[in-house]
Amino acid sequence: MIRSNVLVCGGAGCLSSGCHAVQDALKQELTKRGLDKEINIVVTGCMGPCDLGPVLLVHPDGTFYQRVTALDVPALVEEHFIKGRAYTKLLPKDEVTANLITTQRDFGFFAKQEKIVLANCGVIDAENIEEYIARDGYAALGTVLTAKKPADVIAEIKLSGLRGRGGAGFPTGVKWELLAKAPVTPKFLICNADEGDPGAFMNRAVLEGDPHAVLEGMCIGGYATGASRGFIYIRAEYPLAIKRLQIAIDQAYKYGLLGKNLFGTDFSFDIEMRIGAGAFVCGEETALMRSIEGRRGQPMPRPPFPAQRGLWGKPTNINNVETWATVPVILRKGANWYNQFGTEKTKGTKVFALAGKIRNTGLVEVPYGTTLRQIIFGIGGGIPGGKKFKAVQTGGPSGGVIPAEHLDTPVEYESLQKLGSIMGSGGMVVMDEDSCMVDVARFFLEFCCDESCGKCPPCRVGTKQILNLLERICAGEGQMEDLDKLEQLATVIKDASLCGLGQTAPNPVLTTLRYFRHEYEAHIKEKRCPARVCRELLTYTIHYDNCVGCSICARNCPTNTIFKVKGQKKYYIVEDDCIHCGACFDVCKFNAILKASDGTAHVVPPKPELEPPPGRKTQVPA
Amino acid sequence: MSTPKQITVTIDGKTCTGTAGQTILEIASAHGIVIPTLCYLKGLSSWGGCRICIVEIKGSPKVVPSCATPAMDGAEIITNSDRLIQLRKCTLELLFSERNHLCPMCPYNKGDCGLQHQGLAHGITGIRYQYLYPAMPIDLTAKYFGLDQNRCILCTRCVRTCDEIEGVHTLDVANRGIRNQIVVDLNATFGASDTCTSCGACVANCPTGALFDKAAAFRGPLASCQTVLTTCTECPVGCGLKVFTKENRIVNVFGDPDSPVNKGHLCVKGRYETWADARERITQPLVRGADGQLHPATWPAAIQRIKDTLAQSPDWETGLLVSPRLTNEAVQTVRKLADKFDRVAAFVAPYEAALCGQPEYAAPDSLQRLDEADAIIVLGARPSEDHGVVAARIRRAVRQRGAKLLIFHARKSGLDRYANICANVVSLERSFWKQVAETLADAQRPVLVYGPQAMSPIGVTVLERLLKSFEDKKEGTGPAVIPLPRSANSLGFGAAGLELLEEIGPWLDTKPMSFLCIVASDEPDGGARLLEERYVRPLLSEVDCLVVQAAYRSALTDMAQVVLPAVTWAEKFGTITNFEGRVLPVRPVLAPVGEMRDDQTILESVFA
């Protein structure tokens, strides 16, 4: 008789921090203590707070444990399952009160979210279809197929206000209607699971933690639009998601929930996976279709749109993982239930992947209209280490940075667009005072330049040209005219590019210029990086007062440019040969290395008489 | 079939009508509105990648490529706003900055380069971006053309041409983004490619000097040349040629886009081999002197020598052997003079005689049948080696329309890899015919192409068996039968009623011949292949007086007592009959040099 379920988070974050070891240790310990018939271990999808992994959730108590290691397991089992009290060492602490949080319900990170898409993630065993069914899975499909007409389904989706979660935010019901109207068959549905934005893992969590939601959504979509086959285009870099999805597909076929004559009706639907090959551009819908056809992943001009001529020339509808996963709950609970969440223009909830300089990295799901401040400081826990918030980058490489003055902006498509950024698929990278905005722009442009398919010159050459300019500015070789050149290039690339990659690639540059122009000017005029990130603009100096003469910096210097001061137990960095690698800064245990970016105001400390460090035969420069 | 819907759009304020499905560019062109393009080429699929043909549509903030965007009824389109002109200019400048476009070093300078043309048309005298100066390779390993990556703008016209016209898909794009590069096969060189047919269509369609013809390079801009439309005489397909000449030299050869036979496409023979290969040309009559060497002579002297020889020995056995490359007019002359000789014949390919005698099978729509076929059987012919343009059509049928291809032959050919069934006729088993029947089961428009080898004993057996397998099918689905001979004017000869020889040894041997005139015309090997047949060389050396009428020097001409200089296709005037039965014009593109004369004039002046 099972008296307790221990949910072990098996999401990607916890996997990499070692949840398998925890799981094995748990199994071992419970067996050893004779509890294996009473306590059930369930491996679930991502629970959300990835930075705190591996995490455990014990039901029915609701106790949440963080940073669990295999070594903690015996003590935890002893405390929680035998003595019947929480193992306080692994309980999370409230940031404000520093009190221990005893149940998940009291944990702000969870309490402030509204989990609709992620409702099953972190709750069920993703590899067991019966757990999905037990939580009302496939009930919506059953109702739809037996009691609703296709037009009713489309009407319901339209009423719900569901907008595409892939980034464009196009009304899903309208998109489905276009496909339903297409007179040619066969018709196809595609789930875009390419998720190429760096730092985005929203879709990954759903695919790994609740894959049936996507399958059910696609079946409902097939019924509504007249499509007969679905393809899930999933990136090759998600092997666990691929594995779980295949298990889900196989189980669905076995249970008669995919394939011929579902629920005894004459509606049949097939789904298969197609695996990507490492190209960000294949997340663009026309390039994605080319890739499924076995061709080079290059976008084609639209019109014609996929609903008119898509996969193999047939009418096709493409939606994001999150969009598909929302469909069953809308049909189950009704559009009017769904559109109580969100704002007037954007209904429902959105999953965001919080990353960067933030205390609680991980996945959060909140209704549209929640402000950036609520997400970053309320749920995210704010900036760690006492640092100051600088900006949040939304929408991945297609998006832009948003500074502190706009933190109270409610998150929705139009409001973010007004600020120069985009919602994108939900990536949110938080930056603090130690992030250089010029470097951020350079990083995203480097990504776009690398991932550009190369079909059209504005993107292929334009992103390279704009990257060259940014690299020069970061290296201290920029000039003021370069800022005008950046803006000119950005306009050309935005306007003339063929697809969304090119059309949005300049956004990081444009927003950083808009809100942080002073950082660009510092790089150019003063050769100074205010955030102390751009290597070529850094200087490393030894702080005499703190230096104890241990010589560890000199021994780690790759260019042998640190010497001992003659007659003293102090060291000195000869700046001429310093490559600004920061090795000395990293190894010094006495805070004796000053990392600065003073630019043109930099004063080289006077050079004392030097001798080679002990044990090294380096030549002291003249 | 319902008539397509008519639509009306406004382009730059002008009302234009078109049909639903047409692109904005097509409607604009039909109304004389010029939109600049680079990657677009009529006859190829639309790419929409160069972003030069972009236009604005009222109501949308985005620009669209007019070559790839279907026009919507009622749309208001602008082609030349300040914004569009600025974007086009910047896109062109980005292209100029990307690679090393050094016009002064390029053979397409001054008028033959699409990129230069657009740059000048947009008033570009300098660029605002930094030159990237990448190190790009040059591939000169192909015999007749080269690929200079420095000049490439990645428009992919070559890729689409090779895929959609020639059908081999040798070229494609490798890597991604700024590292994009046109590659041959899987990054091989042209010289090492086993798929490239050297048809040169990619070179013809490349807008810049990236792909360039070696023989044509630096001979001058095309605008400074004369052009003549003529017909290729290398094989019985008879492709239309558009030849550019300057100062009585060929500068370049292109396919005639208006020819219903090839529609602008050519194979390596017609595009290159006929003029770009170096061969020794005979420009004057040569007479063998007492010292046993051939010496240049005047026409009167040479003709007199022949007449004297014949007059001296009136009871000599005389023969006239002609090449099947002769024009119809030359063939008429041969018929007229036939009774001056004891024996007259034409030499054709092995087993070809039967094909030459079937002009009634040739139909003007043979190539069209091929373009509509959903099953193609090739028996005893090797189109990929002998009729490049036909092979291209077969490959297109297979790759674009999914047509079935069955090949029966005794030798390997380049077309084999595209076939569903490829069988060696020498070893066919009974179960094999069942497989054939299955493959052809659903064919609605089958075509049977057969070459000379189909007339061999084994070939005939297979041919009969094939035709029989169609008898069982229902009425009207029998195959279109297309005979495909090898020799250029085979059908012209077939109609003339001359004796056709597949072997000349027995013909020479029946009765020792003392005088033989071989009209080799412009055979590329000067007729030397006749010598490859067994016993022919010793038999010919026993001929007392051998006269060879040829354009090129060869081992055959070296054996003759008198050599008479003939013109080539480039100087000929007349007609040939292609395998469809079309009579096609051969027009001179060059004036004869030296003492060369056309075949019928030579024959008349010597033997009439």
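Scroll up to find the structure this text is about.
Reference entry: report on the structure contained in this document. Treat the numbers as computed from the prediction; the structure is a model and nothing was measured.

**Thoughts on the overall build of chain B**
And step 1. From N to C terminus, chain B includes 19 helices and 28 strands.
And step 2. Since a compact globule built from 608 residues should have a radius of gyration of about 25 Å, the 28 Å found for chain B is in line with a globular shape.
And step 3. Across the 608 residues of chain B, 57% fall into the buried class.
And step 4. Contacts in chain B between residues at least 24 apart in sequence constitute 69% of all its contacts with a sequence separation of at least 6.
And step 5. Total accessible area computed for chain B in this model is approximately 25700 Å², and 52% of it derives from carbon and sulfur atoms.
And step 6. Taken together, the 64 basic and 66 acidic charged side chains of chain B have centroids lying 7 Å from each other.

**Here we look at the overall build of chain A**
And step 1. Of regular secondary structure, chain A possesses 24 helices and 18 strands.
And step 2. Taken over the C-alpha trace, chain A has a radius of gyration of 28 Å; the compact-globule value for 622 residues is 25 Å, and the two agree within 12%.
And step 3. When its C-alpha atoms are laid out on the principal axes, chain A stretches across 90 × 70 × 40 Å.
And step 4. Here chain A holds 622 residues, and the buried ones make up 58% of them.
And step 5. Excluding contacts between residues fewer than 6 apart, the proportion of contacts in chain A whose partners are at least 24 apart in sequence is 70%.
And step 6. In the form shown here, chain A has an accessible surface area of approximately 24200 Å², with 51% of it arising from carbon and sulfur atoms.

**Quick word on the nonpolar core**
Buried together is how nonpolar side chains tend to be arranged in soluble globular proteins.
And step 1. L171(B), I250(B), I376(B) and L405(B) are the most contacted members of the largest nonpolar core, which totals 79 residues.
And step 2. Once residues within four sequence positions are removed from consideration, L171(B) is found in contact with C158(B), V159(B), C162(B), I182(B), V183(B), V184(B), F190(B) and C202(B).
And step 3. Within the second largest apolar cluster, 65 residues are counted, among which are Y132(A), V144(A), L162(A) and A224(A).

**A look at the sheet that holds strand β5 (residues 188–193) of chain A**
Residues and elements named next belong to chain A.
And step 1. Across the sheet, four strands lie side by side as β7-β6-β5-β8; this open sheet has parallel pairing. Whereas interior strands pair on both sides, the edge strands pair on one side only; in this sheet they are β7 (270–275) and β8 (316–320). The average angle at which neighbouring strand axes cross in this sheet is 20°, direction not considered.
And step 2. Inspection of the sheet shows β5 paired to β8 by five bridges, in the parallel sense. Each bridged residue has a counterpart across the sheet, and for F188 the counterpart in β8 is T316.
And step 3. Across the sheet, helix α8 (residues 172–181) is in contact with β5 and β8; its angle to β8 comes to roughly 160°.

**Here's the deal with unusual backbone geometry**
Residue and element names in this part refer to chain A.
And step 1. With an omega of -5°, the peptide bond between T185 and P186 qualifies as cis.
And step 2. Its identity is not glycine, yet Y138 carries a phi of approximately 65°, on the positive side.
And step 3. Relative to the assigned elements, Y138 resides in the loop between α5 (129–134) and α6 (139–147).
And step 4. For W312, which is not glycine, the phi torsion reads 50° and is therefore positive.
And step 5. By the secondary structure assignment, W312 is in the loop between α12 (285–292) and β8.
And step 6. Owing to a relative accessible area of 40%, W312 belongs among the partly exposed residues under this scheme.

**Brief notes about the pattern of salt bridges**
All names here are of chain A.
And step 1. Tallied over the full model, the rule gives 64 salt bridges over all chains.
And step 2. Residues R442 and D439 are paired through a salt bridge, measuring 3.1 Å at the closest nitrogen-oxygen approach. Within this pair, R442 and its partner D439 are both found in helix α17 (residues 437–451), separated by three residues, close to a single helical turn.
And step 3. Taking the shortest distance from any N to any O, the salt bridge between E521 and R517 comes out at 3.6 Å. Residue E521 and its partner R517 are located together in helix α22 (residues 507–525), separated by four residues, close to a single helical turn.
And step 4. Here the salt bridges share partners, and the residues they tie into one network are E29, R33, E78, E79, K83 and R85.

**Let's talk about the packing of α6(A) against helix α10 (residues 211–225) of chain A**
All names here are of chain A.
And step 1. For the pair α6 and α10, interaxial distance at closest approach is 9 Å and the crossing angle is 10°. Taken together, the axes of α6 and α10 lie roughly parallel to each other. Here A139, A140, L141, V144 and L145 of α6 come into contact with α10, specifically with E216, C219, I220 and Y223.
And step 2. For the contact of α6 with α10, the class distribution of residues is eight nonpolar, no polar and one charged.

**Some points on the side chain of E166(B)**
And step 1. The residue E166(B) is located in helix α4 (residues 157–166) in this model.
And step 2. Beyond its immediate stretch of four places on either side in the chain, E166(B) contacts T161(B), T197(B), C199(B), H265(B), A392(B) and R395(B).

**Observations regarding the interface of chain B and chain A**
And step 1. On the chain A side, the residues contacting the 36 residues of chain B number 32 residues.
And step 2. Across the chain B to chain A interface the summed buried area is about 2800 Å²; carbon plus sulfur atoms make up 56%.
And step 3. Sorting the residues of chain B by area buried against chain A places W47(B), L94(B) and R176(B) first, and these three jointly supply 23% of that buried surface.
And step 4. At the junction of chain B and chain A, the tally comes to five salt bridges.
And step 5. Measuring nitrogen to oxygen at the nearest pair gives 3.3 Å for the salt bridge that ties R179(B) to D450(A).
And step 6. Between the two partners, chain B and chain A, sit 19 residue pairs in polar contact (both at pLDDT 80 or more).
And step 7. When residues of the side of chain B that touches chain A are traced back to their parent elements, those giving at least two are β4 (63–65), α2 (82–98) and β8 (171–174) of chain B.
And step 8. In terms of residue count, the dominant contributor to the side of chain B that touches chain A is α2(B) (nine residues).
And step 9. By residue class, the composition of the side of chain B that touches chain A is 17 nonpolar, eleven polar and eight charged.

**Details of the sheet that holds strand β12 (residues 240–246) of chain B**
All names here are of chain B.
And step 1. Reading across from one edge, β11-β12-β13 is the order of the three strands in this open sheet, with antiparallel pairing throughout. Every other strand in the sheet has two partners, leaving β11 (226–231) and β13 (249–255) as the edge strands with one partner each. Across the sheet, the axes of successive neighbouring strands diverge by a mean angle of 30°, strand direction being ignored.
And step 2. Bridge count between β11 and β12: six bridges; the pairing is antiparallel. Across the sheet, residue T230 finds its bridge partner in β12, namely L241.
And step 3. Contacts from helix α6 (residues 268–276) reach β12 and β13 within the one sheet, and its direction differs from that of β13 by about 165°.

**Concerning the state of the cysteines**
All names here are of chain A.
And step 1. Overall, the coordinates contain zero disulfides over all chains when judged by the stated rule.
And step 2. Free of any disulfide, C456 has its nearest cysteine sulfur in C459, 5.3 Å distant.
And step 3. The thiol sulfur of C557 is not disulfide-bonded, and the nearest other cysteine sulfur, from C581, lies at 6.3 Å.

**A few points about the packing of aromatic side chains**
And step 1. For the coordinates displayed, the defined rule picks out 29 aromatic pairs over all chains.
And step 2. Residues F341(B) and F607(B) carry aromatic rings whose centres are separated by 4.9 Å and whose planes lie at 65° to one another, so their mutual orientation is edge-to-face. Here the residue F341(B) occupies a position in the loop between α8 (328–337) and β17 (343–347), and F607(B) occupies one in helix α19 (residues 599–607), the gap between them amounting to 266 residues.
And step 3. Of the residues examined, F341(B) reaches a relative accessible area of 9% and is grouped as buried.
And step 4. Through a chain of ring-to-ring contacts, three or more aromatic side chains come together here, namely F64(A), F107(A), F109(A) and F110(A).

**Comments concerning the packing of α17(A) against helix α19 (residues 462–474) of chain A**
Residue and element names in this part refer to chain A.
And step 1. Axis separation between α17 and α19 bottoms out at 9 Å; the angle between their running directions is 150°. In terms of their interaxial angle, α17 and α19 are classed as roughly antiparallel. Crossing handedness for the pair α17 and α19: left-handed. Packed against α17, whose contacting residues are V438, D439, A441, R442, L445, E446 and C449, the element α19 presents T463, K464, I466, L467, L470, E471, I473 and C474 at the interface.
And step 2. The class makeup of the residues in the contact of α17 with α19 is nine nonpolar, one polar and five charged.

**With respect to a nonpolar patch on the surface**
Residue and element names in this part refer to chain A.
And step 1. Judged by side-chain polarity, F170, V174 and L178 come together as a nonpolar surface patch covering roughly 240 Å² of accessible area.
And step 2. Assignment of secondary structure puts V174 in helix α8.
And step 3. Residue classification places V174 among the partly exposed residues on the basis of a relative accessible area of 31%.

**Let's talk about the pairing of strand β26 (residues 562–565) of chain B**
Residues and elements named next belong to chain B.
And step 1. Of the two faces of β26, both are covered, the one formed by V562 and L564 as well as the one formed by V563 and P565.
And step 2. Inspection of the sheet shows strand β14 (residues 286–288) paired to β26 by two bridges, in the antiparallel sense. Of the residues in β26, the one forming a bridge with V287 is V562.

Rules used throughout
Residues numbered from 1 in each chain as written. Chains lettered and ligands numbered in written order. Predicted model: local features only at pLDDT ≥ 70, side-chain atom pairs only at ≥ 80, totals over all residues. Heavy atoms only, no water. Helix = DSSP H or I, 4+ residues; strand = E, 2+ residues; numbered from the N terminus. Rg over C-alpha atoms; globule rule 2.2 N^0.38 Å. Buried < 20%, exposed > 50% of the residue type's maximum accessible area, 1.4 Å probe, protein only. Contact = heavy atoms within 4.5 Å. Areas by Shrake-Rupley, 256 points an atom, 1.4 Å probe, with all protein chains shown as cover. Lys, Arg positive; Asp, Glu negative; His and termini not counted. Charge placed at Lys NZ, Arg CZ, Asp CG, Glu CD. Core = buried A, V, L, I, M, F, W, Y, C linked by side-chain atoms within 4.5 Å. Pairing = 2+ DSSP bridges. Axes fitted to C-alpha atoms, helices over the stretch in contact; angles between N-to-C directions. Salt bridge = Lys/Arg side-chain N within 4 Å of Asp/Glu carboxyl O. Parallel < 35°, antiparallel > 145°, perpendicular 65-115°, else oblique. Nonpolar A, V, L, I, M, F, W, Y, C, P; charged D, E, K, R; others polar. Buried area = accessible area lost by both parts, 1.4 Å probe. Polar contact = N/O pair within 3.5 Å; in protein donor to acceptor, adjacent residues only side chain to side chain. Disulfide = S-S within 2.5 Å. Phe/Tyr/Trp six-rings, centres within 6.5 Å; stacked < 30°, edge-to-face > 60°. Left-handed = near helix turned anticlockwise from the far one by under 90°. Patch = residues over 30% accessible without salt bridge, like charges linked within 9 Å, V, L, I, M, F, W, Y side chains within 5 Å.

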